[in-house]
Amino acid sequence: MYINAVKSVNAVNYYLYESYRNEKGQNRSRIVEKLGNVDEIKSRFNVTDVDAWCKEYAKQRTAEAKKASLKNNRKLTVVFEEGKDKSPDSAIFNAGYFILDSVYHSFGLSNICEEIRLKHPHVKGFNLNDVLRAMLFGRIVFPSSKLRLVSNVQGKFLENNELQVQHVYRAMDLLEKHIDLIQKRLFQYTTVALKERNVSRLYYDCTNFYSEKELEDCDVSDKSEEWHSEHTLRKYGASKEHRPNPIVQMGLFMDGDGMPLGFCINPGNTSEQLTMEPLENELVKYFNNTDIVVCTDAGLGSLNNRILNNVTEENDPLADFGFKGKRHFICVQSIRGKNLNATLKAWAIDKKGWSYKLKRDNKVVTIDNFDLNDITDDKRDEFYNVVFYKERTIAENNLDQRLIMTFSLKYQDYQRALRNRKVKRAEKMIDSGSYKYTPDTSPRAYVSQDHMTDKGDKATNTKASINKNKIENDALYDGFYCTATNLFKEQCSVHQIIAIAQRRWEIEECFRIMKTDLKSRPFYHNKDSRIVAHFQTCFMALLLIRGIERKIARYNIDNLKYPEGKYTVPEILDAIRELSLICIAEGQAFAPDYNNSELMSELLECFDLKELGKQIVMKDTLKKILKKIKTSPEMIVDD
């Protein structure tokens, strides 16, 4: 091994390299470890002569590698007999959870379990840390019910703690009791593990999850008042999946890097506009001296939520809790509804007075006072990927705001295509007469309507037709998009506002991961505390997944390999689920089994699991791996 010093404009970074031969026998070199710059090495390793220390460190690591290579060259002969009965137990175990376990401990979850245990010394019979690990790893690797987790899934992991279903439910009760503590500690531990959390940009959105049962709790009449007080969440509401089942609503905050920050569970019939303020006020208590910008969609951009984030250090009610910073908002502004008056709507879709940027002679030039009417059919290709913009300020309801309008031909074509498909479906419904019918699962099926003339006579004929006026009116807004904010020109440019708002897709992806990859719905619990605990584990599982994403991204950046976001979440989860160990020699050794891929190599590399890239892993080596990945940070204690 040897040291390579890479010079940049501001510093010299030191890397530990090793030479190796690739599959073609060619000499190559690769980074083993990033040591840091001069100041970092002096501080981290307490040395004065950096160059001399680096040379000595390279010699030491070379000697350790040679010693390890001798030990890792042990050979094993396994004898199989055709007539010998197979062992009743499975010989294949999932080893992908090693990666999850590494993130689990680095994010302080084992410390959190210990802190909760100390608060409940009377709770005996199970280990909260073992139960939580099984619940999170089971939810990610083999999503299933709690009963199947105990009866089947936990046996697929190398470490089987032989949990019982009552242990899972007792653990869920403990977790729900300390939900605020857990969210606070997760923020603190992840801030240490990730070096920082980008809380200057916060994203909030809501979704809902449907229950397996078809009756909401208020329909149950033979229960006590105490029972009803513990069953308040499952309510009928507007389901995202358009199902008739009762639902619960989840509100989720995400930081500027796509990491989940906090969540809340509310009854399914709760207005989502009312859910943001309590959770935000709780979360910002964790931040110090930070200006934050909260970004939401139009459904959550109510006047009250905008006023909530229109505060300075002087008038912020949370200053008493130690929060020092300004709060701002960026939200989608509907231009079709009643939230904008006629004057602002006319300005929004006026085709004059637009600006856009283009590259000319390797410089970015701004073109102002552009007329969208100048985009003729022969110029559409030229402007197809251009985002036009204009802005103005408004003062309504004692709130100064900045409206930013954007227009895109690509977005215009997208909206037109959506509407054309809807019109075709509407025409088919008219031709078949299906528009008259209501599904039996809908409450409207029990509503009877009588159609009468103005004179009170019963109308016998109904005529249906396509509403062309609505089609023409909707077409006026194709391609236009409006954003409202209290960040003005001197604080943030138009393109910075647009860039912040565009990352809202990541919180939608968080919901998709929970619903599709973690199979968090339908949920089978009835009691409020169990419902909250169920989604609490889904939230923590999502946090582990995002943590793996961040570590891969950082590994690629440190090794100058690839940009962030090279692999999708489904690809990462498939690799984790595929990574297995086959038990051989009656448990004295294990043979790794997986399909070689670039992603798998990077996972093993950045989580320091290179031993799983060998033909066999001896039992003593595996014990060292398990010990290594269970390294937790220092326990955090409140003052």
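Summarised in this report is the structure supplied together with it. Just so you know, the residues in each chain are numbered from 1, in the order the chain's sequence is written. The predicted nature of this model means local features are confined to residues of pLDDT at least 70 and side-chain atom pairs, given and counted, to a pLDDT of 80 or more, with totals for whole chains, interfaces and linings taken over all residues. Heavy atoms from the whole structure form the basis of all side-chain values; hydrogens and water molecules are not counted.

Attention now goes to the overall build of the protein chain. The secondary structure content of the protein chain amounts to 21 helices and 17 strands. Judged by the C-alpha coordinates and their principal axes, the protein chain covers about 95 × 75 × 55 Å. For every residue, the accessible area obtained with a 1.4 Å probe (protein chains only) is divided by the maximum for its type, and the residue is called buried under 20%, exposed over 50%, and partly exposed between those limits. For the protein chain, with 639 residues in total, the buried portion stands at 45%. The criterion used for residue contact is that any of the two residues' heavy atoms lie within 4.5 Å. The long-range fraction of contacts in the protein chain, counting pairs at least 24 apart against all pairs at least 6 apart in sequence, stands at 69%. All accessibility values rest on the Shrake-Rupley procedure with a 1.4 Å probe; residue burial counts only the protein chains present in the view. For the protein chain, the exposed surface amounts to about 35900 Å²; the carbon and sulfur share of it is 48%. Computing the positive centroid from 97 side-chain charges and the negative centroid from 91, the protein chain places the two 3 Å apart. Numbered from the N terminus, helices here are DSSP runs of H or I no shorter than four residues, and strands are runs of E no shorter than two. A residue counts as positive if it is Lys or Arg and as negative if it is Asp or Glu; His and the chain ends are not included. For the purpose of locating charges, the reference atoms are NZ of Lys, CZ of Arg, CG of Asp and CD of Glu.

Turning our attention to empty space enclosed by the protein. Here a cavity is any set of points on a 1 Å grid over the protein atoms alone where a 1.4 Å probe fits but cannot get out, and a pocket is any open set with protein on both sides within 12 Å along at least 5 of 7 lines; a residue lines the site when it has an atom within 4 Å of a point. Grid points are joined across faces, edges and corners, and a volume is the space filled by probe spheres set on the points. Summed over all chains, the structure comprises 5 cavities of 30 Å³ or more. Within this model, the largest cavity holds a volume of roughly 90 Å³. Taken together, Tyr97, Asp130, Arg133, Ala134, Phe137, Gln154, Phe157, Glu159, Asn160, Asn161 and Leu163 form the lining of the largest cavity. For the lining of the largest cavity, the element with the most residues is helix α5 (residues 128–141), which contributes 4 residues. Looking at the second largest cavity, the residues that line it are Met135, Gly138, Arg139, Phe142, Ser144, Ser145, Lys146, Leu149 and Thr537. The set of elements that each furnish at least two residues to the lining of the second largest cavity consists of α5 and α6 (146–151). The element that contributes the greatest number of residues to the lining of the second largest cavity is α5, accounting for 3 residues.

A separate point is helix α10 (residues 276–283). Spacing of three or four residues puts side chains on the same side of an α-helix, whose turn is 3.6 residues. If you check which residues of α10 are buried, you get Met276, Leu279, Glu280, Asn281 and Leu283. Those residues of α10 hidden inside the fold are in contact with β5 (201–210), β6 (247–255), β7 (260–267), β8 (292–296), α11 (303–308) and β9 (327–332).

On to the nonpolar core, then. The nonpolar side chains of soluble globular proteins are, as a tendency, buried together. In this text, buried Ala, Val, Leu, Ile, Met, Phe, Trp, Tyr and Cys residues form a nonpolar core when linked through side-chain atoms within 4.5 Å. Residues Phe98 and Ile548 are the most contacted members of the largest nonpolar core, which totals 108 residues. At 15 residues, the largest contribution of residues to this core is made by helix α18 (residues 528–558). Apart from residues lying up to four places away in sequence, Phe98 is in contact with Leu158, Leu581, Leu609, Leu612, Leu622, Ile625, Leu626 and Ile629.

The term salt bridge refers to a pairing of a side-chain nitrogen on Lys or Arg with a carboxyl oxygen on Asp or Glu at a separation within 4 Å. Taken as a whole and judged by the stated rule, the model has 34 salt bridges. Salt-bridge contacts for Glu18 lead to Arg30; the nearest nitrogen and oxygen are separated by 2.8 Å. Of this pair, Glu18 sits in strand β2 (residues 12–21) while Arg30 sits in strand β3 (residues 27–37), and the two are 12 residues apart along the sequence. Linking Asp638 and Lys184 is a salt bridge whose minimum nitrogen-to-oxygen distance equals 3.5 Å. On the criterion of sequence distance, the pair formed by Asp638 in the segment after α21 (619–629) and Lys184 in helix α8 (residues 179–193) is long-range, its members being 454 residues apart.

A separate point is the sheet that holds strand β15 (residues 580–584). Paired strands, as defined in this entry, are two strands with at least two bridges between them according to DSSP. The antiparallel open sheet is built from 4 strands, whose spatial order is β4-β15-β16-β17. One side of each edge strand has no neighbouring strand; the edge strands of this open sheet are β4 (92–94) and β17 (617–618). Pairing of strand β16 (residues 589–593) with β17, which is carried by 2 bridges, proceeds in the antiparallel orientation. Residue pairing for β17: Phe590 is matched across the bridge by Val617.

The next thing to look at is the packing of helix α4 (residues 109–119) against α8. Here an axis means a line fitted to C-alpha atoms, over the contact stretch when the element is a helix, while the angle between two N-to-C directions is reported on a 0 to 180 degree scale. Contact pair α4 / α8: the axes reach a minimum separation of 10 Å and the direction vectors enclose 145 degrees. The handedness of the crossing between α4 and α8 comes out as right-handed. Mapping the contact onto sequence places Leu109, Asn111, Ile112, Glu115, Ile116 and Lys119 in α4 and Leu181, Ile182, Arg185, Leu186 and Tyr189 in α8. Three residue categories are used. Nonpolar comprises Ala, Val, Leu, Ile, Met, Phe, Trp, Tyr, Cys and Pro, charged comprises Asp, Glu, Lys and Arg, and polar comprises the others, including Gly. In the contact of α4 with α8, the residues fall into 7 nonpolar, 1 polar and 3 charged. Crossing handedness: left-handed means the near helix sits turned counterclockwise from the far one by under a right angle, and right-handed means the same turn made clockwise.

With that out of the way, let us pick up the side chain of Thr537. By secondary structure assignment, the location of Thr537 is in helix α18. The class of Thr537 is buried, set by a relative accessible area of 2%. For Thr537, the residues in contact, after removing those within four places along its chain, are Met135, Leu136 and Leu175.

So, on to the packing of aromatic side chains. Classification of ring pairs rests on two measures: the distance between centres of Phe, Tyr or Trp rings, Trp counted by its six-membered ring, which must be within 6.5 Å, and the angle between planes, read as stacked under 30 degrees, edge-to-face over 60 and tilted in between. One pass over the structure, following the stated rule, counts 27 aromatic pairs. Geometrically, the ring pair formed by Tyr411 and Tyr414 is stacked, given 6.3 Å between the ring centres and 20 degrees between the ring planes. Residue Tyr411 and its partner Tyr414 are both found in helix α14 (residues 409–432); the two are separated by 3 residues, about one turn of the helix. Residue Tyr411 is classed as partly exposed on the basis of its relative accessible area of 27%. Residue Tyr414 is classed as partly exposed on the basis of its relative accessible area of 48%. One aromatic cluster is present, built from ring pairs that chain together Trp354, Tyr356, Phe370, Phe383, Phe388, Phe407 and Phe480. The positively charged end of Arg243 is found above the aromatic ring belonging to Tyr210, 4.1 Å away from the centroid. Just above the ring of Phe209 sits the side chain of Lys515; from NZ or CZ to the centre is 5.3 Å. Charge-over-ring contacts are defined here by two conditions on Lys NZ or Arg CZ: a distance within 6 Å of the ring centre and an angle within 35 degrees of the ring normal.

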